[in-house]
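Inside the fold
Each chain, written out:
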Amino acid sequence: MITFGLLRSGAISVFLVVLYYLLPLSRGSVSFLATALILGLTALAATAIWEVRAIVRSRAPAIRAMQALATLVPFFILLFASTYFILSNQAPTTFSEPLSRSDALYFTITTFATVGFGDIAPRSEAVRLLVAGQVLLDLIILGLGIRVIFGAVKKGRTG
């Protein structure tokens, strides 16, 4: 069961990254992009609720929690990386340099990890606010999200 859980977690993460690189990320309008980001965050929240319920009901809640994290964290990171990539393609001066998909992913991960090496920086006020929003959500995910998942594991173990 542990091996299957590890394989499933890895497969989910790889699938999401491959999807990120293969999806045709169009150059829609800013309002379309904002709507897509809001819908993506809503889908992420719905997935998180579903995952927490699955953890509580699972016969192996710790393994199920690992699978949940392998879904939720890449989903969150890739959602913002897609947003930054599209914004950079719409207006190449939005960031300190035009972002490739890999650059957008790198920027999102360093922001998520609160490392922020400073080699890529948002230049417009709107994008700075978006990145600030991501940082706040990062803190919520790292604090509250992890606590909820561990609470679900504890509840699942006690029945």
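Heads up: the structure comes first, above all this text.
First, a word on what this report is: a plain description of the structure on this page. Nothing here was measured: the structure is a model prediction, and the numbers come from that model.

1. Topic: helix 1 (residues 2-22)
Across its 21 residues, helix 1 extends 30 Å between first and last C-alpha, which sits within 8% of the 30 Å expected from 1.5 Å per residue. Taken as a whole, helix 1 has its buried residues at Gly5, Ser9, Ile12, Leu16 and Tyr20. Looking straight down helix 1, one finds that the buried residues subtend no more than 65° of arc, so they occupy a single side. In helix 1, those exposed residues whose orientation departs by more than 90 degrees from the buried face are Thr3, Phe4, Leu7, Val14, Phe15 and Leu22. Here the buried face of helix 1 lies against helix 3 (61-90) and helix 4 (101-112).

2. Some words on the nonpolar core
Of all hydrophobic cores here, the largest spans 33 residues; its most connected members are Tyr20, Ile55, Tyr84, Phe95 and Ala104. The dominant element in this core, judged by the number of residues it contributes, is helix 3, at 13 residues. Those residues in contact with tyrosine 20, other than ones at most four positions away along the chain, are Leu25, Leu78, Ala81, Ser82, Phe85, Arg101, Ala104 and Leu105.

3. Overview of the packing of aromatic side chains
Each aromatic ring pair is summarised here by two numbers: the centre-to-centre distance and the angle between the ring planes. Enumeration according to the criterion identifies eight aromatic pairs in this entry. Summarising the aromatic geometry, the rings of tyrosine 20 and tyrosine 21 are spaced 5.1 Å apart at their centres and angled 75° between planes, so their arrangement reads as edge-to-face. Taking relative accessible area as the criterion, tyrosine 20 reaches 3% and is therefore assigned buried. A residue is classified by how much of its surface remains accessible, and tyrosine 21, at 34% relative accessible area, is partly exposed. Relative to phenylalanine 95, the ring of tyrosine 84 has its centre 5.7 Å away and its plane inclined at 75°; by these criteria the two rings are edge-to-face. Placement of tyrosine 84 in helix 3 and of phenylalanine 95 in the loop between helix 3 and helix 4 is noted, with a sequence separation of eleven residues between them. The same class applies to tyrosine 84 as to phenylalanine 95, namely buried. Taken together, Phe76, Phe80, Tyr84, Phe95, Phe107 and Phe112 form an aromatic cluster joined through their ring pairs.

4. A word on the packing of helix 3 against helix 4
Following both chains from N to C, one finds helix 3 and helix 4 inclined at 125°, their axes separated by 8 Å at the closest point. Looking at the two axes, helix 3 sits oblique to helix 4. Regarding helix 3 and helix 4, the two cross each other, and that crossing is right-handed. For the pair formed by helix 3 and helix 4, the contact residues are Val73, Phe76, Ile77, Leu78, Phe80, Ala81, Tyr84 and Phe85 on the first element and Arg101, Ala104, Leu105, Phe107, Thr108, Ile109 and Phe112 on the second. Considered class by class, the residues forming the contact of helix 3 with helix 4 number 13 nonpolar, one polar and one charged.

5. Some thoughts on the pattern of salt bridges
Counted according to the given criterion, the structure contains one salt bridge. Among the ionic pairs, glutamate 51 bridges to arginine 64, the shortest N-O distance being 3.0 Å. Of this pair, glutamate 51 sits in helix 2 (residues 30-57) while arginine 64 sits in helix 3, and the two are 13 residues apart along the sequence. Across this residue pair, the class does not change: glutamate 51 and arginine 64 are buried.

6. Observations regarding unusual backbone geometry
Positive phi, close to 55°, is recorded for threonine 114, a residue that is not glycine. In this structure, threonine 114 sits in the loop between helix 4 and helix 5 (125-158). Overall, threonine 114 belongs to the exposed group, its relative accessible area being 54%.

7. Let's talk about the packing of helix 3 against helix 5
Between helix 3 and helix 5, whose axes approach to 10 Å, the crossing angle comes to 170°. In terms of their interaxial angle, helix 3 and helix 5 are classed as roughly antiparallel. Of the residues in helix 5, those touching helix 3 at Pro61, Ala62, Ala65, Leu69, Leu72, Phe76, Phe80, Thr83, Tyr84 and Leu87 are Val127, Leu130, Val131, Gln134, Leu137, Asp138, Ile141, Ile146, Ile149, Val153, Gly156 and Arg157. Here the contact of helix 3 with helix 5 is built from residues that sort into 17 nonpolar, three polar and two charged.

What counts and how
Residues numbered from 1 in each chain as written. Predicted model: local features only at pLDDT ≥ 70, side-chain atom pairs only at ≥ 80, totals over all residues. Heavy atoms only, no water. Helix = DSSP H or I, 4+ residues; strand = E, 2+ residues; numbered from the N terminus. Expected span 1.5 Å × (residues − 1). Buried < 20%, exposed > 50% of the residue type's maximum accessible area, 1.4 Å probe, protein only. Arc of directions from axis to C-beta. Contact = heavy atoms within 4.5 Å. Core = buried A, V, L, I, M, F, W, Y, C linked by side-chain atoms within 4.5 Å. Phe/Tyr/Trp six-rings, centres within 6.5 Å; stacked < 30°, edge-to-face > 60°. Axes fitted to C-alpha atoms, helices over the stretch in contact; angles between N-to-C directions. Parallel < 35°, antiparallel > 145°, perpendicular 65-115°, else oblique. Left-handed = near helix turned anticlockwise from the far one by under 90°. Nonpolar A, V, L, I, M, F, W, Y, C, P; charged D, E, K, R; others polar. Salt bridge = Lys/Arg side-chain N within 4 Å of Asp/Glu carboxyl O.

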